[in-house]
Amino acid sequence: MSLSLDTPLTRHARIDVPLICGAMYPCSNPELVAAVSAAGGIGIVQPISLTFVHGHDYREGLRLIRRLTDRPIGMNALIEASSRTYRERMERWVDGALEEGVRFFITSLGNPRWVADRAHAVGGVVYHDVTERKWALKGLEGGVDGLIAVNSRAGGHAGPKSAETLMDELGDLGVPLVCAGGIGNARGFVEALRLGYAGAQLGTRFIATEECRASSAYKKAILRASEDDIVLSERLTGVPVALIRTPSIERLGLRAGPMARWMLRHRRTKHLMRTIYALRSAWQLKRASFDESDSSDYWQAGCSVRDIHEVLPAGQIVRAFAAAATTN
Ligand SMILES: Cc1cc2nc3c(=O)[nH]c(=O)nc-3n(C[C@H](O)[C@H](O)[C@H](O)COP(=O)(O)O)c2cc1C
């Protein structure tokens, strides 16, 4: 039975294919975001990746994407309450995106209320990343329009639950759910739609594309890796992040050290420790993702590596997924 590509997500985001190229630090570059949107899905801008990693002035970077495609793009607002400076910067980024015509936002962590209020005022929508019901309810209290259900097979910060369990847990909340995690091919996309998801958010699959600026060593590692090679380590960012097991990761170990663990547990020191981790990992990931020598092999990827076997143009992936859903 063929599936309709017309879902609450495509209506909300004003796109043709219910497929999101999720925000990726440091892998979201303007060309990748634009290619996914141009093909009918939606690419999400990661502001720190756009500016710090890829060296664009924020507004100029958004306009570059706009020159590559006039189709909708989205923006990721990581709204964890860390420091006032960070919050002010994120507010400027969200306002800048709204002024440049962005109408689709994905919030992570924190209370999304202020983003929802600003987006709704101009007809935009906000989806919130969640890993369990508790966070979904908080997001809905904050006025979001949909939820990105991040499952245990996801790249980045994976959740504890499977795609099926998340559908059972969140299915009654009355908002569109997007499946994030573990989808590497068209079959996985079709399965997510069949489970009742309004669409899918992919990260790892879009790193192995021609438009992604990640090094070819990183892309090759994704093609080579099997699901067993994916490990969760808290040594890099302070919270478990999915990485390809490589010599550097083996050396680093998977658990935070005792001092860091203590600091992460206590309210007063938690944010300081997170900041230290964030700054250090930002450098490490930036350097590793673009280093062609593969000497610094800190490579983030999720379990979808299992189904990723070649580097493809991003648009081809979007079109193949759409075709598989409608001809199934
Ligand atoms: C390298 C990498 C970096 C990521 N960075 C972010 C990020 O900065 N913000 C965010 O909300 N999600 C981030 N994610 C999560 C993705 O947006 C997406 O939800 C996830 O990759 C889906 O799982 P998949 O990799 O199995 O497709 C990242 C994922 C990867 C693989």
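Residues numbered from 1 in each chain as written. Predicted model: local features only at pLDDT ≥ 70, side-chain atom pairs only at ≥ 80, totals over all residues. Heavy atoms only, no water.

*Asks:* Can you lay out the overall build of the chain for me, pointing to particular residues and giving the numbers?
*Replies:* From N to C terminus, the chain includes 15 helices and 10 strands. Counting every position in the chain, which comprises 328 residues, the buried fraction comes to 56%. In the chain, of all internal contacts separated by at least 6 residues, the share reaching a separation of at least 24 is 63%. Summed over all atoms, the accessible surface of the chain reaches about 14,200 Å², with 52% contributed by carbon and sulfur. (Helix = DSSP H or I, 4+ residues; strand = E, 2+ residues; numbered from the N terminus. Buried < 20%, exposed > 50% of the residue type's maximum accessible area, 1.4 Å probe, protein only. Contact = heavy atoms within 4.5 Å. Areas by Shrake-Rupley, 256 points an atom, 1.4 Å probe, with all protein chains shown as cover.)

*Asks:* Tell me about the layout of surface pockets, and please be specific about residues and values.
*Replies:* One number sums up the size of the second largest pocket: a volume of about 270 Å³. Taken together, 18 residues make up the lining of the second largest pocket; nearest its centre are R153, A163, E164, G181 and E191. Counted by class, the lining of the second largest pocket contains 5 nonpolar, 7 polar and 6 charged residues. (1 Å grid on protein atoms, 1.4 Å probe; cavity = no way out; pocket = protein on both sides within 12 Å on 5 of 7 lines; lining within 4 Å. Points joined across faces, edges and corners; volume = space filled by probe spheres on them. Nonpolar A, V, L, I, M, F, W, Y, C, P; charged D, E, K, R; others polar.)

*Asks:* Hey, could you go over empty space enclosed by the protein for me, with residue numbers and the actual values?
*Replies:* Scanning all chains against the criterion turns up 1 cavity of 30 Å³ or more. Considered as a void within the structure, the largest cavity measures approximately 30 Å³ in volume. Taken together, S28, N29, P30, V33, V45, Q46, L50 and I65 make up the full set of residues lining the largest cavity. Residue composition of the lining of the largest cavity, by class: 5 nonpolar, 3 polar and no charged.

*Asks:* I'd like to hear about the pairing of strand β4 (residues 104-108), residue by residue, with values.
*Replies:* Of all 5 residues that make up β4, 5 are buried, and the element is covered over most of its length. Of the two faces of β4, both are covered, the one formed by F104, I106 and S108 as well as the one formed by F105 and T107. Relative to β4, strand β3 (residues 74-78) is paired through 5 bridges, and the arrangement is parallel. Following the sheet pairing, G74 is matched in β4 by F104. Examined bridge by bridge, β4 and strand β5 (residues 125-130) share 4 bridges and lie parallel to one another. From the neighbouring strand, T107 faces β5, where its bridge partner is H128. Of the crossover connections in this fold, the one passing from β4 over helix α6 (residues 113-121) to the parallel β5 is right-handed. (Pairing = 2+ DSSP bridges. Right-handed = clockwise from strand over helix to strand, strands pointing away.)

*Asks:* Mind laying out the site of the ligand, listing which residues take part and the relevant values?
*Replies:* Around the ligand, the structure places 23 residues, and the nearest of them are A23, G182, Q201, G203 and T204. At 3.3 Å, a side-chain N or O of D129 approaches an oxygen atom of the ligand. For the ligand, whose unbound accessible area comes to 600 Å², protein coverage reaches 92%. Those elements giving two or more residues to the shell around the ligand turn out to be β8 (199-202) and α10 (204-207). (Near = heavy atom within 4 Å. Polar contact = N/O pair within 3.5 Å; in protein donor to acceptor, adjacent residues only side chain to side chain.)

*Asks:* Any chance you could break down the environment of G253 for me, citing the residues and the numbers?
*Replies:* Along the polypeptide, G253 turns up in the loop between α12 (247-252) and α13 (258-265). Given a relative accessible area of 21%, G253 falls into the partly exposed group. On a C-alpha basis, the gap between G253 and S233 in space is 7.3 Å, while along the polypeptide they are 20 residues apart. In contact with G253, not counting residues within four places along its chain, are S233 and R235.

*Asks:* If you had to explain unusual backbone geometry to someone new, which residues and values would you point to?
*Replies:* Of the consecutive residues Y25 and P26, the connecting peptide bond is found in the cis state with omega at 5 degrees. The residue P26 is located in the loop between β1 (19-21) and α2 (30-38) in this model. In this model, R14 sits at a positive phi of 60 degrees, which is unusual for a non-glycine residue. Of note, R14 is situated in the loop between α1 (8-13) and β1. Backbone geometry places L109, a non-glycine residue, at a positive phi of 60 degrees. Locating L109 in the fold gives a position in the loop between β4 and α6. Take L109: its relative accessible area is 44%, and that puts it in the partly exposed class.

*Asks:* Could you give an account of the pattern of salt bridges, with specific residues and numbers?
*Replies:* For the structure shown, the criterion picks out 16 salt bridges. A salt bridge links E31 to R213; the nearest nitrogen and oxygen atoms lie 3.3 Å apart. Here the residue E31 occupies a position in helix α2, and R213 occupies one in the loop between α10 and α11 (216-224), the gap between them amounting to 182 residues. Overall, the relative accessible area of 48% leaves R213 in the partly exposed class. Note that E227 is salt-bridged to R306, the shortest N-O span being 3.6 Å. Here E227, found in the loop between α11 and β9 (230-233), pairs with R306, found in the loop between α14 (267-290) and α15 (314-327); they are 79 residues apart in sequence, far enough to count as distant. Judged by its relative accessible area of 26%, E227 falls in the partly exposed class. In this structure, a network of salt bridges that share partners links the residues R59, R63, E99 and E100. (Salt bridge = Lys/Arg side-chain N within 4 Å of Asp/Glu carboxyl O.)

*Asks:* Before we move on, could you go through the sheet that holds β4 and cite the residues and values that matter?
*Replies:* Pairing within the closed barrel is parallel, and its 8 strands lie in the order β1-β2-β3-β4-β5-β6-β7-β8. Along the sheet, successive strands turn relative to each other by an average axial angle of 25 degrees, direction set aside. Relative to β3, strand β2 (residues 42-45) runs parallel, the two being bridged by 2 bridges. Pairing of V45 across the sheet is with M75, part of β3. On the sheet, α6 packs against β4 and β5 and is oriented at approximately 155 degrees with respect to β5. (Axes fitted to C-alpha atoms, helices over the stretch in contact; angles between N-to-C directions.)

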